[in-house]
Amino acid sequence: MDAVKDSTADVSAAAAAADASDHFTKVSKSKKSSKRKHDEQPMDSEDSVARKRPQFPALSGDKLKGGADEMRKVAVPANRYTPLKENWLQIYTPIVENLQLQVRFNLKTRNVELKTCKDTQDIGALTKASDFVKAFVLGFQVEDALALIRLDELFLESFDVTDVKPLKGDHLSRAIGRVAGTGGKTKFTIENVTKTRIVLADTKIHILGSFQNIKMARTAICNLILGSPPSKVYGNIRTVASRTAERF
């Protein structure tokens, strides 16, 4: 009986295996072979790729700014009203003629308002004009501030004497005096060596120049505020200036 049971079990297992083999699907070709065929196709040359690149016409300044006029306002403190009035023509001319912007002084809000118009071509003109007016408002001469319009690599940096060292009373006055020097001698020396322009307005210090030159002038001024003698600061900035001149 056991032999009959085993034989019937074998027959049923063989039948089940035959049914399962009928349901098997054919295995598709390996991805490696398809990838190999894809790699064997000739690659397009650089010329054909360059030829396929779309050529778009240059956009005008009006389209780049989105068609809407932009506006900037520069606040003018009370101590700069008279200089602004005296030098208005020198400020107005480069902004209108060179940058093709609209400018006015709002008597109610005491702001210089700058606005783009349909004649404005350069999208960076508004930023240049606002930096120019801001430099004049901070106390720089018009001729020095005008360099912000003519040159691209000039920047403005402002900081407070108390940011370097928290000083009060006579100590603060002496620190400002060390930066200025007798008759402004120290300030002029730092300006000439580092090729920057410096404005001392109470405890505020404003520096106009290139990034590297601003860094040299700022280091010299910070050393003076911290108490270094001017002779030592002169030697340090001359050494740094000569190294940078040799590098470039």
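Residues numbered from 1 in each chain as written. Predicted model: local features only at pLDDT ≥ 70, side-chain atom pairs only at ≥ 80, totals over all residues. Heavy atoms only, no water.

Colleague: When you look at the sheet that holds strand E5 (residues 197–201) in this model, what are you seeing that I'm missing?
Modeller: Strands belonging to one sheet form pairs held by backbone hydrogen bonds; the direction of such a pair is parallel or antiparallel. One open sheet accounts for 3 strands, arranged E4-E6-E5; its pairing is antiparallel. In this open sheet, the two strands that pair with only one neighbour each are strand E4 (155–160) and E5. The mean inter-strand angle of the sheet, taken between neighbouring strand axes irrespective of direction, is 15°. In terms of strand pairing, E5 meets strand E6 (residues 204–209) through 5 bridges, oriented antiparallel. (Pairing = 2+ DSSP bridges. Helix = DSSP H or I, 4+ residues; strand = E, 2+ residues; numbered from the N terminus. Axes fitted to C-alpha atoms, helices over the stretch in contact; angles between N-to-C directions.)

Colleague: Hey, could you run me through the environment of alanine 175 in this one?
Modeller: As for its position among the elements, alanine 175 is in helix H11 (residues 169–180). For alanine 175 and threonine 203, which are 28 residues apart along the polypeptide, the C-alpha to C-alpha distance reads 9.5 Å.

Colleague: Got a minute to help me understand the nonpolar core in this structure?
Modeller: Generally speaking, nonpolar side chains in soluble globular proteins are found buried as a group. Judged by nonpolar contacts, the single largest core of 27 residues is most densely connected at Ile91, Ile95, Leu101, Leu114, Phe132 and Val133. Secondary structure elements with two or more residues in this core: helix H6 (88–98), strand E3 (111–115), helix H7 (125–138), helix H8 (142–145) and helix H9 (147–150). Ranked by the residues each element gives to this core, the list is headed by H7, at 8 residues. Those residues within four positions of leucine 101 in sequence are excluded, and the remaining contacts are Ile95, Val96, Lys115, Thr116, Thr120, Ala125, Leu126 and Ala129. Counting residues in hydrophobic clusters, the runner-up holds 18 residues, among them Ile205, Ile214, Ile221 and Leu224. (Core = buried A, V, L, I, M, F, W, Y, C linked by side-chain atoms within 4.5 Å. Buried < 20%, exposed > 50% of the residue type's maximum accessible area, 1.4 Å probe, protein only. Contact = heavy atoms within 4.5 Å.)

Colleague: What's the story with the side chain of aspartate 160 in this structure? I'm lost.
Modeller: Secondary-structure assignment places aspartate 160 in strand E4. Notably, aspartate 160 is buried but unbridged: the nearest opposite-charge side chain belongs to lysine 204, and the N-O separation is 4.0 Å. For aspartate 160, the side chain forms a polar contact with the side chain of threonine 203, separated by 3.2 Å. In contact with aspartate 160, other than residues within four places in its own chain, are Thr203 and Lys204. (Lys, Arg positive; Asp, Glu negative; His and termini not counted. Salt bridge = Lys/Arg side-chain N within 4 Å of Asp/Glu carboxyl O. Polar contact = N/O pair within 3.5 Å; in protein donor to acceptor, adjacent residues only side chain to side chain.)

Colleague: I'm lost on the sheet that holds strand E2 (residues 102–106) in this one. Help?
Modeller: Spatial strand order, E1-E3-E2: 3 strands in an open sheet with antiparallel pairing. Looking along the sheet, the strands with just one partner apiece sit at the ends: strand E1 (71–75) and E2. Across the sheet, the axes of successive neighbouring strands diverge by a mean angle of 20°, strand direction being ignored. By the bridge criterion, 5 bridges tie E2 to E3 in an arrangement that is antiparallel. Following the sheet pairing, phenylalanine 105 is matched in E3 by valine 112. Its contacts with the sheet place H6 against E2 and E3, and it is angled at close to 150° to E2. Along the sheet face, H7 touches E1 and E3 and points at about 5° away from the line of E1.

Colleague: Is there a simple way to think about the pattern of salt bridges in this case?
Modeller: For side chains bearing opposite charge, pairing can occur when the charged atoms are close. By the definition in use, this model includes 6 salt bridges. Glutamate 113 is the salt-bridge partner of arginine 104, the closest N and O atoms lying 2.6 Å from each other. Residue glutamate 113 is classed as buried on the basis of its relative accessible area, which comes to 5%. Between arginine 197 and aspartate 144 there is a salt bridge whose closest N-O contact spans 3.5 Å. Taken together, the residues span a long stretch of sequence, with arginine 197 in strand E5 and aspartate 144 in helix H8 at a distance of 53 residues. Taking relative accessible area as the criterion, aspartate 144 reaches 22% and is therefore assigned partly exposed. Through salt bridges with shared partners, a single network forms among Asp122, Lys128 and Asp152.

Geometry only, nothing functional implied.
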